[in-house]
Amino acid sequence: PTFPPPTLTIHIKSCTNLSNAPHSLRPVNPYVKIKLPSGYRSKTCVKKMTSNPVWKDGDEGANISTSVSREDEFFDIQVFDWKPLKHRLLCESRVSFGLFPVCSGGCTSALTPIDVEVDMRWRRGG
């Protein structure tokens, strides 16, 4: 039998403690990007002037659902500070699908979406 490709569902929830230090003291204009090796890309809307953005279900890009291919063994989460000419990367992480349990053999449990919450703490001197 042919099975449909698995679906990845991600809910972008929030970031905390985002900082421009040591570059600037102004609050950041954060947005989140999700990338898969197969080329899929998605990003949230920009949250203006906040170090602790929260995305709600209706916000652009806050809920992502896409098919994943065999080459997708992980996804990347990146948080950027939006600026008019150049967006600055604040933090990033790679999440392996190996971290999640695999359901096989007639599994009927409901799928659990991945909720993304980022906590970035800037440390002086590194």
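In case you missed it, the structure is sitting above this.
So, here's what we can say about the structure.

## Topic: the overall build of the protein chain
For the protein chain, the helix and strand inventory stands at 0 helices and 7 strands. Moving toward the C terminus, one meets the helices and strands of the protein chain in the order β-β-β-β-β-β-β. The buried share of the protein chain, taken over its 126 residues, is 34%. Across the protein chain, contacts joining residues at least 24 apart in sequence account for 62% of those joining residues at least 6 apart. Summed over its atoms, the accessible surface of the protein chain is roughly 8400 Å², and 53% of this surface lies on carbon and sulfur atoms.

## Considerations on the side chain of Ser42
With respect to the secondary-structure elements, Ser42 resides in strand β3 (residues 41-43). Relative accessible area serves as the criterion here: at 15%, Ser42 is assigned to the buried category. Setting aside anything within four residues of it in sequence, one finds Ser42 in contact with Val32, Lys33, Ile34 and Ile64.

## Some words on the packing of aromatic side chains
Within the structure shown, the criterion is met by 1 aromatic pair. On the numbers, 5.5 Å between centres and 15 degrees between planes, the contact of Tyr31 with Phe80 is stacked. Residue Tyr31 is located in strand β2 (residues 30-35), and its partner Phe80 is located in strand β5 (residues 74-81); the two are separated by 49 residues in the primary sequence. The ring of Phe80 has Lys33 lying over it, and the distance from NZ or CZ to the ring centre is 5.1 Å. Between Lys43 and the ring centre of Tyr31, over which it is positioned, the NZ or CZ distance is 5.5 Å.

## Re the sheet that holds β2
Within the open sheet, the 4 strands sit side by side as β3-β2-β5-β6. Their pairing is antiparallel. This sheet does not close on itself; its edge strands, each paired only once, are β3 and β6 (88-96). Pairs of neighbouring strands in the sheet enclose a mean axial angle of 20 degrees, with direction left out of account. For β5 and β6, the ladder comprises 8 bridges, and the chain directions are antiparallel. Bridge pairing links Phe75 to Val95 in β6.

## Quick word on the nonpolar core
In this structure, Ile10, Ile12, Val32, Ile34, Trp55, Phe75 and Val79 are the most contacted members of the largest nonpolar core, which totals 20 residues. Residue assignment for this core shows that the elements contributing at least two residues are β1 (7-16), β2, β5 and β6. With 4 residues, the top contributor of residues to this core is β1.

## Topic: the pattern of salt bridges
Scanning the model with the defined rule gives 3 salt bridges in all. Notably, a salt bridge pairs Arg26 with Asp81, separated by 3.0 Å at the nearest N-O pair. Of the two residues, Arg26 sits in the loop between β1 and β2 while Asp81 sits in strand β5, which places them 55 residues apart along the sequence. The class for Arg26 is partly exposed, based on a relative accessible area of 29%. Here Lys47 and Asp59 are joined by a salt bridge, their closest N and O atoms 2.8 Å apart. In this pair, Lys47 sits in the loop between β3 and β4 (63-67) while Asp59 sits in the loop between β3 and β4, placing the two residues 12 residues apart along the sequence.

Cut-offs applied
Residues numbered from 1 in each chain as written. Predicted model: local features only at pLDDT ≥ 70, side-chain atom pairs only at ≥ 80, totals over all residues. Heavy atoms only, no water. Helix = DSSP H or I, 4+ residues; strand = E, 2+ residues; numbered from the N terminus. Buried < 20%, exposed > 50% of the residue type's maximum accessible area, 1.4 Å probe, protein only. Contact = heavy atoms within 4.5 Å. Areas by Shrake-Rupley, 256 points an atom, 1.4 Å probe, with all protein chains shown as cover. Phe/Tyr/Trp six-rings, centres within 6.5 Å; stacked < 30°, edge-to-face > 60°. Lys NZ or Arg CZ within 6 Å of the ring centre and 35° of its normal. Pairing = 2+ DSSP bridges. Axes fitted to C-alpha atoms, helices over the stretch in contact; angles between N-to-C directions. Core = buried A, V, L, I, M, F, W, Y, C linked by side-chain atoms within 4.5 Å. Salt bridge = Lys/Arg side-chain N within 4 Å of Asp/Glu carboxyl O.

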